[in-house]
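Chain residues, written in single-letter form:
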Amino acid sequence: MTELVRFGVSIDQQLLHRFDQAIATTGYTNRSEAIRDIVRNYLVEQEWASSEGEVAGTITLLYDHHSGNLTAALNELQHQYFRQIISSIHVHLDPDNCLETVVVRGNPDELKDIAGRLISIKGVKHGRLTLSSTGKGF
Ligand code: NI
């Protein structure tokens, strides 16, 4: 284990208060542990951004299936990217809302582009791309 280093951070009081409240709800007992995890996540994200290799991930979508031609648009896009989309899981949350998890694999930039296209379809209420990598390809 490398040596621990302490450093000071200037931060707006209100922002720090919100941060403390947020980390308390996720179970962190101190700021240091939360900040370490955030730094690690940031570094992993930077690795994706610079990666030219292959990564895997999921795109989570929450939408109202009654919204316009949303389901047709989602279907069309997923067929367009059949090489990168390995699988998907669809759950009917209630009479209106659907949760879909799309499993993807490929170049990080390409996957970000696909996620952006899916998430920006009108009627998608929430969407998020999560990428994962061993850092050594697969
Ligand atoms: Ni559904």
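Note that the structure is predicted; figures quoted are calculated from it, not measured. (Residues numbered from 1 in each chain as written. Predicted model: local features only at pLDDT ≥ 70, side-chain atom pairs only at ≥ 80, totals over all residues. Heavy atoms only, no water.)

Engineer: Could you give an account of the overall build of the protein chain, naming the residues involved and the relevant values?
Structural biologist: For the protein chain, the count of helices and strands is four helices and four strands. Secondary structure elements of the protein chain, listed N to C terminal, follow the sequence α-α-β-α-β-β-α-β. On C-alpha atoms alone, the protein chain measures out to a radius of gyration of 19 Å, which is more than a quarter above the 14 Å that the 2.2 N^0.38 rule sets for 138 residues. Projected onto its principal axes, the C-alpha coordinates of the protein chain cover approximately 55 × 35 × 20 Å. Looking at the protein chain as a whole, 22% of its 138 residues are labelled buried. When contacts within the protein chain are restricted to residue pairs at least 6 apart in sequence, those whose partners lie at least 24 apart make up 66%. When the accessible surface of the protein chain is totalled, it reaches about 10,000 Å², and 52% of it is carbon and sulfur. Side chains of the protein chain give 13 positive and 17 negative charges; the mean places of these two sets differ by 3 Å. (Helix = DSSP H or I, 4+ residues; strand = E, 2+ residues; numbered from the N terminus. Rg over C-alpha atoms; globule rule 2.2 N^0.38 Å. Buried < 20%, exposed > 50% of the residue type's maximum accessible area, 1.4 Å probe, protein only. Contact = heavy atoms within 4.5 Å. Areas by Shrake-Rupley, 256 points an atom, 1.4 Å probe, with all protein chains shown as cover. Lys, Arg positive; Asp, Glu negative; His and termini not counted. Charge placed at Lys NZ, Arg CZ, Asp CG, Glu CD.)

Engineer: How would you sum up the coordination of the nickel ion? Please name residues and give values.
Structural biologist: Distances from the nickel ion to its protein donors, His 90 (NE2), His 92 (ND1) and Cys 98 (SG), fall at 2.0 to 2.4 Å. Counting the intervening residues between successive donors of the nickel ion yields the motif H-x1-H-x5-C. Residue classification places His 90 among the partly exposed positions, given a relative accessible area of 35%. (Donors = N, O, S within 2.8 Å, 3.2 Å for Na, K, Ca; no water.)

Engineer: Residue-level account of the side chain of Gln 84, with values.
Structural biologist: Here Gln 84 is to be found in the loop between α3 (70–80) and β2 (85–92). According to the relative accessible area criterion, Gln 84 is buried, its value standing at 12%. Discounting chain neighbours no more than four positions away, the residues touching Gln 84 are Val 103, Val 104, Arg 105, Glu 110, Leu 111 and Ile 114.

Engineer: Describe helix α4 (residues 108–119), and please don't skip the residues or the numbers.
Structural biologist: Residues separated by three or four positions in an α-helix point in the same direction, a consequence of the helix having 3.6 residues per turn. In this model, α4 (12 residues) spans 16 Å end to end at C-alpha, consistent with the 16 Å of a helix rising 1.5 Å per residue. Turning to α4, its buried residues number three or more, namely Pro 108, Leu 111, Ile 114, Ala 115 and Leu 118. Down the axis, α4 shows its buried residues gathered within 125 degrees of arc, on one side only. (Expected span 1.5 Å × (residues − 1). Arc of directions from axis to C-beta.)

Engineer: Could you give an account of the nonpolar core, with specific residues and numbers?
Structural biologist: Core analysis: the largest hydrophobic core is formed by 19 residues, its most contacted members being Ile 59, Leu 61, Tyr 63, Leu 74, Leu 118 and Ile 121. Elements represented by at least two residues in this core include exactly β1 (55–64), α3, β3 (97–106), α4 and β4 (124–132). (Core = buried A, V, L, I, M, F, W, Y, C linked by side-chain atoms within 4.5 Å.)

Engineer: Which residues make up the sheet that holds β1, and what are the values?
Structural biologist: The pairing of strands in a sheet comes from backbone hydrogen bonds and takes either a parallel or an antiparallel form. Spatially, four strands are ordered β2-β3-β1-β4 in an open sheet, and the strand pairing comes out antiparallel. Here the strands that pair on one side only, and so sit at the sheet edges, are β2 and β4. On average, each strand axis in the sheet is inclined to that of its neighbour by 15 degrees, with strand direction left out of account. Here β1 runs beside β3; their pairing, made up of 10 bridges, is antiparallel. Each residue of the ladder has a partner; that of Thr 60, found in β3, is Thr 101. Together, β1, β2, β3 and β4 form the strand contacts of α3, whose direction differs from that of β1 by roughly 165 degrees. Lying over the sheet, α4 contacts β1, β3 and β4, oriented at roughly 170 degrees with respect to β4. (Pairing = 2+ DSSP bridges. Axes fitted to C-alpha atoms, helices over the stretch in contact; angles between N-to-C directions.)

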